[in-house]
Amino acid sequence: MASELYNIIEGVSREKGIDPQIVVSAVEDAIVVATRKYYKTQENLRAVLDKDSGKINAYAVKSIVEGPEQVEDPNLQVTVDQARKLDPSAEAGGELLIPKVTEGILGRIAAQLAKQVIFQKVREAERDTVYNEYIGHVNEIVNATVKRLEGPDVILDIGKAEARMGRKEQSRLESFAVGERIRVVIVRVEKATKGPGVIASRSAPELVQHLFQTEVPEIYDGTVVIRAIAREAGERTKIAVMSKDKDVDAVGACVGMKGMRVQSIIRELRGEKIDIIEYHEDPVTFAEKALQPAKVSRVTIVDTAEKHLEVVVDDTQLSLAIGKKGQNVRLAAKLLGWKIDIKSEEEKRQEVEQQMSALVTQTATPLELVTGLGEGLVEKLKEAGVNTVESLADMTPEQLEAIEGIGPKTVEKISIAVNNYFSSLDGGEAVVATGVEGAEEAAPEAALSEEAVTEGSVEADALASGTESTETVAAEESTETATEEAASTTEAASTTEEAATEEAAKAEEIPEEDKQI
């Protein structure tokens, strides 16, 4: 018949859900610790519980060796001859159990130490039992009862163990009272922790998935499949569903008649908003659905490898697409598993304009490369903010005259210099300034004109001899015109020669004293 102590051990084992032998081992270890503390010995001790009498005996265990030369530590080893004095059947290689008196001598301190060891061993055994029990039920739903509140944490009774639900695992909309029954998800099981090793959650997406499986028969039997869930507990949940039967509407099955099915889930989640979206393999179409209730103008795949999408919406839909604090686009990106950039039509237009302007390379040519401009004129233009030939060519004459120190003649000079520069770039002949600088330049022009007159007269005579009267008149008119132009050129040359002669005469009339000065 089992002793009273062993009956107590069995009762504790049933209550904690652990093996009675684990408790027995804990009691024996506690007696060993207390005995070593009392005797202050380094011997190898062992305690044995007698199931029938309930008495716990302590022994010093020593290994039996052949002779004294093999004894390395007297506390741990004994020769065969010494062992046979206590146990005649002792043999080399065996163990000798030397009794240690414990009854009535351990005292209160040893008993308290033994109690602590027993509790520690039992807690470790209980933790191992809970771990082995619930490690296979991670991400499953269990019914729990609120047992107590420890600050922000909620301690739940889940049957054979307690579970802890931290603040991060709770929904913002929920509050709990002791004794309330709720459904939670087991998110993980921890072995080396204080308190309950089971961590429960009400914010995990698996809770929503389980609730839909409970409320929607089509999901339970596999006709409708939940492909993805994105959730921010207490705020909003997006769930993507797909039907395996073409005659079954996946979204309609989840919503139910007059929204009864989804409303039941919303009540369980304390009013959390739920968006039910039809799943599509095409990420572009899926993105348009996932961003509802906003209307999307177009979706572009930026990088397939990096899973990057660009979504353009109307200016009035931008805030709706982004959502409160970015919640809508954040949940959509989590649902798709793609990175989403949302832009309005105006932002996209400005981006395209910037890209186009970047493609047009603007050349900048310094003013010093234009040979027709003097240093003083270049300085004036730079002071006015004109630093390149391109900007100078874009200015109107009025804008140039508005610059201090630049008049109409300077504007004409600038125009000729700029035209010469661009003509040289195009491979054409430069435009040469035709200002009259002396009679020597004008004379060749007059001679050229006279030659043109002579050639015109010869051609006119040839035409007159072989054509009708009307052609003769035209030739004569051409000859008269050429003659007049030559005369004008000759007069200009003569005037220039006279002016040069007068200037030479004046130079000769200057007194020698003035010339020396």
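Presented here is a report on the structure given in the accompanying data block. (Residues numbered from 1 in each chain as written. Predicted model: local features only at pLDDT ≥ 70, side-chain atom pairs only at ≥ 80, totals over all residues. Heavy atoms only, no water.)

### A closer look at the sheet that holds strand β14 (residues 308–313)
So, point 1. If you walk across this open sheet you meet the 3 strands as β13-β14-β15, and the pairing is mixed. The open sheet is flanked by β13 (296–303) and β15 (339–344), the only strands paired with a single partner. In this sheet, neighbouring strand axes are inclined to one another by 20° on average, regardless of whether the strands run parallel or antiparallel.
So, point 2. Where β13 and β14 come together, 6 bridges link them in antiparallel fashion. Looking at β14, one finds that Arg298 is bridged to Val312.
So, point 3. Packed onto the sheet, helix α9 (residues 283–290) meets β13 and β14 and runs at close to 135° relative to β13.
So, point 4. Sitting on the sheet, helix α11 (residues 327–336) touches β14 and β15, and the angle it makes with β15 is about 140°. (Pairing = 2+ DSSP bridges. Helix = DSSP H or I, 4+ residues; strand = E, 2+ residues; numbered from the N terminus. Axes fitted to C-alpha atoms, helices over the stretch in contact; angles between N-to-C directions. Contact = heavy atoms within 4.5 Å.)

### Comments concerning the side chain of Glu169
So, point 1. Tracing the backbone through its elements, the reader meets Glu169 in the loop between β7 (162–165) and β8 (181–189).
So, point 2. Look at Glu169: it is buried, it has no salt bridge, and the nearest opposite charge is Arg188 at 4.1 Å.
So, point 3. Apart from residues lying up to four places away in sequence, Glu169 is in contact with Arg188, Ala200, Ser201, Arg202 and Ser203. (Buried < 20%, exposed > 50% of the residue type's maximum accessible area, 1.4 Å probe, protein only. Lys, Arg positive; Asp, Glu negative; His and termini not counted. Salt bridge = Lys/Arg side-chain N within 4 Å of Asp/Glu carboxyl O.)

### Description of the nonpolar core
The nonpolar side chains of soluble globular proteins are, as a tendency, buried together.
So, point 1. Ranked by internal contacts, the top residues of the largest apolar core, which has 26 residues, are Phe286, Val311, Leu335, Leu336, Ile340 and Ile342.
So, point 2. Where this core is concerned, the elements lending two or more residues are β10 (224–232), α9, β14, α10 (318–322), α11 and β15.
So, point 3. Considering each element in turn, this core owes the most residues, 6 residues, to α11.
So, point 4. Among all residues touching Val311, those that are not within four sequence positions of it are Leu291, Val296, Arg298, Val299, Ile340, Asp341, Ile342 and Lys343.
So, point 5. Among the nonpolar cores identified, the runner-up in size contains 23 residues, and Val185, Phe212, Val216 and Ile266 belong to it. (Core = buried A, V, L, I, M, F, W, Y, C linked by side-chain atoms within 4.5 Å.)

### A look at the packing of α9 against α11
Helix packing for two helices is described by the angle between their axes and how far apart those axes are.
So, point 1. The geometry of α9 relative to α11 is characterised by a closest axis approach of 10 Å and an angle of 145° between their N-to-C directions. The two elements α9 and α11 cross, and the hand of that crossing is right-handed. Contacts between α9 and α11 pair Pro283, Phe286, Ala287 and Ala290 from the former with Ala332, Leu335 and Leu336 from the latter.
So, point 2. Its residues assigned to classes, the contact of α9 with α11 comprises 7 nonpolar, no polar and no charged. (Left-handed = near helix turned anticlockwise from the far one by under 90°. Nonpolar A, V, L, I, M, F, W, Y, C, P; charged D, E, K, R; others polar.)

### Quick word on helix α2 (residues 20–39)
One turn of an α-helix holds 3.6 residues; hence residues three or four places apart share an orientation.
So, point 1. A rise of 1.5 Å per residue sets the reference length of α2, with its 20 residues, at 28 Å; its end C-alpha atoms lie 29 Å apart and thus fit the reference within 8%.
So, point 2. Along α2, the residues that are buried comprise Val23, Val24, Ala26, Val27, Glu28, Ala30, Ile31, Val32, Ala34 and Thr35.
So, point 3. Phi turns positive, to about 50°, at Lys40, one or two residues after α2. (Expected span 1.5 Å × (residues − 1).)

### Some words on the sheet that holds strand β6 (residues 153–157)
So, point 1. Ordered in space as β5-β6-β7-β9-β8, the 5 strands form a closed barrel in which the pairing is mixed. Taken pair by pair, the neighbouring strands of this sheet meet at an average axis angle of 55°, ignoring direction.
So, point 2. Bridge analysis of strand β5 (residues 141–150) against β8 gives 5 bridges, and the strand direction is antiparallel. For Thr145, the partnering residue across the bridge sits in β8 and is Arg181.
So, point 3. The strands touched by helix α5 (residues 205–215) within the sheet are β5 and β8, with β8 carrying the most contacts at an inclination of about 130°.

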